[in-house]
Amino acid sequence: MSARGNSLHPAAWIVWATCAGMAAFTTTNPFYLGLVIAISWFVFATNRPDGPEARSFRIFLMFAAITVALRTTLVIFGTIDASNIVYAALEGLRIATLLIVFGAFNSVTDPFGVLRLAPRRFHEPALAAALALSIAPRTITAAGRVREAQQLRGIRVTGLRSLPALAVPVLETGMEDAVTLAESMDARGHGRGRRTRYRPERWSGAAVAVAATAAAGMFIYFAAAFTERGDLQPSTDPLHWPQVSTALVLAALLFALPGIVGGKARAP
Amino acid sequence: MKPGRVRAAAVSLAVSAAVLLPIAGGVTLACAGSRDHAALVIDTGSQSLEYCVALTSSSVTGMELIKLASSQYGLQYSLGFGSKAVCQLAGVGVSGGDCFSDFPNFWAYWHGTGSGGWSWASTGAADTSVQAGDVEGWSWGKGTDASSHNAPPSRSYENVCGSIDSDPGSGGSGGDGSGGSGSGGSGSGDEDQGAGSGDGAGADGGTGSSKPSEDSTTGSGNKENPGSKRDPATTDGGGTESEGAGRTTRTASQSGSGAATDRLSVSDGANESPEGLALAAGGSAGTPGGISSGTVLALAAILILAGAGAMAARKTRFAGRHERKG
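Residues numbered from 1 in each chain as written. Chains lettered and ligands numbered in written order. Predicted model: local features only at pLDDT ≥ 70, side-chain atom pairs only at ≥ 80, totals over all residues. Heavy atoms only, no water.

Q: Outline the state of the cysteines, listing residues and values.
A: All names here are of chain B. Counted according to the given criterion, the structure contains 2 disulfides over all chains. Sulfur-sulfur distance for the disulfide between Cys52 and Cys161 comes to 2.0 Å. Taking the torsion about the S-S bond as the criterion, the Cys52 to Cys161 disulfide, at about 105 degrees, is right-handed. Taken together, the positions of Cys52 in strand S2 (residues 48-54) and Cys161 in helix H3 (residues 157-161) put the pair 109 residues apart, joining distant regions of the chain. Since its relative accessible area comes to 0%, Cys161 is described here as buried. The disulfide that involves Cys87 links it to Cys99, with 2.0 Å between the sulfurs. (Disulfide = S-S within 2.5 Å. Helix = DSSP H or I, 4+ residues; strand = E, 2+ residues; numbered from the N terminus. Buried < 20%, exposed > 50% of the residue type's maximum accessible area, 1.4 Å probe, protein only.)

Written out as structure tokens, the structure is:
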């Protein structure tokens, strides 16, 4: 497990990610979505720890791009014209935004810090979730180690053809790592019914501010959706530039607060 | 007669028959009234519009018919849900892409029965096939089936298209004549308006029907027809209208016209509710074809955030490299 700690309480990050995701889900307006994506990047860049967790954000970016591309190509199943292509791309962009928000959240939080928040009753599912959340950085680490080992043995590591030779060792390493991790966590008291509350995370002022602003931002988007304002779902036929409400832009900027007050962890 | 002559006569008879019969047949068909138009009737609740739309192929979808009417007569339209539903016609309806956000009001879709009656359409307009001689109807109002929703005024194909088909020579005057200006959809700021430069001939119904085939000027591409310009007194129950520089702005008349909730009208591509909500459109009303302040703000914010993120990332990347290998 990484020794990183983030100065913000993990629950604050959960609130932030959930609210940003819900706000993004209300709209297919590319300006609002682009804003949330830029904010996620900003928050990630100013809060990211060193290490493989940082690279997992790039993986999420890649998945986001694939999502947009895939959703857009589905247009071939119907009439193909500019309006339909744009409509499909915007729907893809909405999902891509959710992925990027989650990617930022995943990259800046310690999954096991999040795990400690779970009530005792949900410990095991939460543990599974934490392991799942950490699979991206863990796989990246494993891939790096396998690559290095292959290089030392003179095995080809570049190009597309090297990928199959990478897959099996990475999977094996992943399984071994998971077992080792589980055993070590069990030894540390993460096992069934034997959890401790040593050094609980504190809600700092910054964490409260982040949670509050994120919630406010989400409710503003909900209000706009409920009252049909702000061109949240722009029409793509006839094709035109969607309107952008200044109020909704400012509401989106509320989600940028973790980038300003978060900051990387200073050793406690 | 000698056999050779008989043969020659038969051959020449056959040849002339082969040449003349198609022509005769064609003439016959033309005289019977070959149809290459379809009728489109739109009832906004405060006015009724009719268009005799020239079809560009033997069968088009209901949505394509609307777009053809827009390019030929300047009908304003806005579609939603990926061009599968009608949000706005002639300025009436819902702005944005959720066509049912004003439920229980919505645009109901009807097929003409041929004798003037209407039947409730069972599939959406993107999936129906409209052929020459068909009548399509749209009506704005409440009610989820034929018995509860108001139907468009009773119209048959002949009512709308009149004598357009009986004389093929003049068929071009009413049907096509896409007025040069105003095509349905393009990237500029005016596309929602449909007809950018003051084309009023086809689009106003006033109280009754408009017959573009009779009014239009032939030959030139300009459909300008001062005679049938919008008359504010008759269009809708209390709306005011101002025209300027190719833009026609109509403020909504919520009270005057009973059924129709004239939500808003369109000007230069900005859909705006006249209630003047601060959230609605970040100040996009004023500038024709310009960029609204909200858009500028959003783009600026995106650039600043991306740059700040890049700077922060570069700092930590260098720090990270030094600590990576132990």
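Q: An account of a nonpolar patch on the surface is needed here, citing residue identities and associated values.
A: Together, Ile59(A), Met62(A), Phe63(A), Ile66(A) and Leu70(A) make up a nonpolar patch on the protein surface, roughly 460 Å² of accessible area in all. Exposure remark for Ile59(A): the relative accessible area of 30% places this residue in the partly exposed category. (Patch = residues over 30% accessible without salt bridge, like charges linked within 9 Å, V, L, I, M, F, W, Y side chains within 5 Å. Areas by Shrake-Rupley, 256 points an atom, 1.4 Å probe, with all protein chains shown as cover. Salt bridge = Lys/Arg side-chain N within 4 Å of Asp/Glu carboxyl O.)

Q: Report on the sheet that holds strand S6 (residues 92-93) of chain B, specifying residues and quantitative values.
A: All names here are of chain B. As summarised here, the arrangement of the 3 strands in space is S4-S5-S6, forming an open sheet in which the pairing is antiparallel. Edge strands, defined here as strands with exactly one partner in the open sheet, are strand S4 (77-80) and S6. By the bridge criterion, 4 bridges tie S4 to strand S5 (residues 85-89) in an arrangement that is antiparallel. Paired with Ser78 across the two strands is Gln88, which belongs to S5. Running at roughly 155 degrees to S4, helix H2 (residues 62-73) makes contact with S4 and S5 of the sheet. (Pairing = 2+ DSSP bridges. Contact = heavy atoms within 4.5 Å. Axes fitted to C-alpha atoms, helices over the stretch in contact; angles between N-to-C directions.)

Q: Provide a residue-level description of the confidence of the model for chain B, including the pertinent values.
A: All names here are of chain B. Per-residue confidence for chain B gives a mean pLDDT of 67, with 51% of residues at or over 70. Of the regions scoring below 50 in pLDDT, residues 28-33 engages in 5 contacts with residues more than four places distant in sequence or in other chains. Under a pLDDT of 50 for its full length, residues 167-288 has, in the predicted model, 236 contacts with residues more than four places off or in other chains. We note a pTM of 0.69 for the whole complex and an ipTM of 0.82 for its interfaces. (pLDDT = per-residue confidence, 0-100.)

Q: A description of the environment of Leu49(B) should follow, citing residues and the corresponding values.
A: Structurally, Leu49(B) is set in strand S2. Sequence spacing of Leu49(B) and Leu75(B) is 26 residues, and the spatial spacing of their C-alpha atoms is 9.3 Å.

Q: Please give an account of the pairing of S5(B) that cites residues and values.
A: For a regular strand, the rule is simple: side chains alternate between the two faces of the sheet. All names here are of chain B. In terms of residue burial, S5 counts as a mostly covered element, since 5 of its 5 residues are buried. Turn length for the S4-S5 hairpin, with the two strands adjacent in sequence and antiparallel, is 4 residues, and the turn residue Phe81 shows positive phi of about 55 degrees. Where S5 and S6 come together, 2 bridges link them in antiparallel fashion. Looking at the pairing, Leu89 lines up with Val92 of S6.

Q: Mind laying out the nonpolar core, listing which residues take part and the relevant values?
A: With 46 residues, the main nonpolar core has Trp16(A), Ile39(A), Tyr221(A) and Phe255(A) as its most contacted residues. For this core, the secondary-structure elements that each account for two or more residues are helix H1 (10-25), helix H2 (30-47), helix H3 (52-73), helix H4 (82-108), helix H9 (205-226) and helix H10 (246-253) of chain A together with helix H7 (293-324) of chain B. For this core, the element with the most residues is H2(A), which contributes 10 residues. Excluding its chain neighbours within four sequence positions, the residues that come into contact with Trp16(A) are Ser40(A), Val43(A), Val101(A), Ala104(A), Phe105(A), Val210(A), Ala214(A), Phe255(A) and Pro258(A). Judged by nonpolar contacts, the second largest core, of 40 residues, contains Val53(B), Met63(B), Leu89(B) and Val160(B). (Core = buried A, V, L, I, M, F, W, Y, C linked by side-chain atoms within 4.5 Å.)

Q: Lay out the packing of aromatic side chains in plain terms, naming residues and giving numbers.
A: For the structure shown, the criterion picks out 16 aromatic pairs over all chains. On the numbers, 6.1 Å between centres and 40 degrees between planes, the contact of Trp41(A) with Phe44(A) is tilted. One end of the pair, Trp41(A), and the other, Phe44(A), are both in helix H2, 3 residues apart, so they sit about a helical turn from each other. Exposure remark for Trp41(A): the relative accessible area of 25% places this residue in the partly exposed category. Put simply, the rings of Phe81(B), Phe100(B), Phe103(B) and Phe106(B) pair up and form one aromatic cluster. Cation over ring: Arg94(A) sits above Phe25(A), and NZ or CZ is 4.9 Å from the ring centre. (Phe/Tyr/Trp six-rings, centres within 6.5 Å; stacked < 30°, edge-to-face > 60°. Lys NZ or Arg CZ within 6 Å of the ring centre and 35° of its normal.)

Q: Which residues make up the pairing of S2(B), and what are the values?
A: In terms of burial, S2(B) is largely enclosed, as 7 of its 7 residues are buried. Taking every second residue as pointing to the same face, both faces of S2(B) are buried, with Ser48(B), Glu50(B), Cys52(B) and Ala54(B) on one and Leu49(B), Tyr51(B) and Val53(B) on the other.

Q: Can you break down the side chain of Thr213(A) residue by residue, with the values?
A: Residue and element names in this part refer to chain A. Secondary-structure assignment places Thr213 in helix H9. Owing to a relative accessible area of 19%, Thr213 belongs among the buried residues under this scheme. In terms of polar contacts, Thr213 uses its side chain to reach the backbone carbonyl oxygen of Val210, at 3.1 Å. (Polar contact = N/O pair within 3.5 Å; in protein donor to acceptor, adjacent residues only side chain to side chain.)

Q: Summarise the pattern of salt bridges; cite the residues concerned and give the values.
A: Applying the stated criterion across every chain, the model contains 5 salt bridges over all chains. The closest approach of N and O atoms between Arg145(A) and Asp177(A), which form a salt bridge, is 3.4 Å. A residue pair is termed long-range when its members are at least 10 positions apart, and Arg145(A) in helix H7 (residues 135-152) and Asp177(A) in helix H8 (residues 163-190) qualify at 32 residues. Assessed through its relative accessible area of 43%, Arg145(A) is described here as partly exposed. For Lys67(B), the salt bridge goes to Asp237(A), with nearest N and O atoms at 2.6 Å. Linking Lys67(B) in helix H2 with Asp237(A) in the loop between H9 and H10, this pair reaches from one chain into another.

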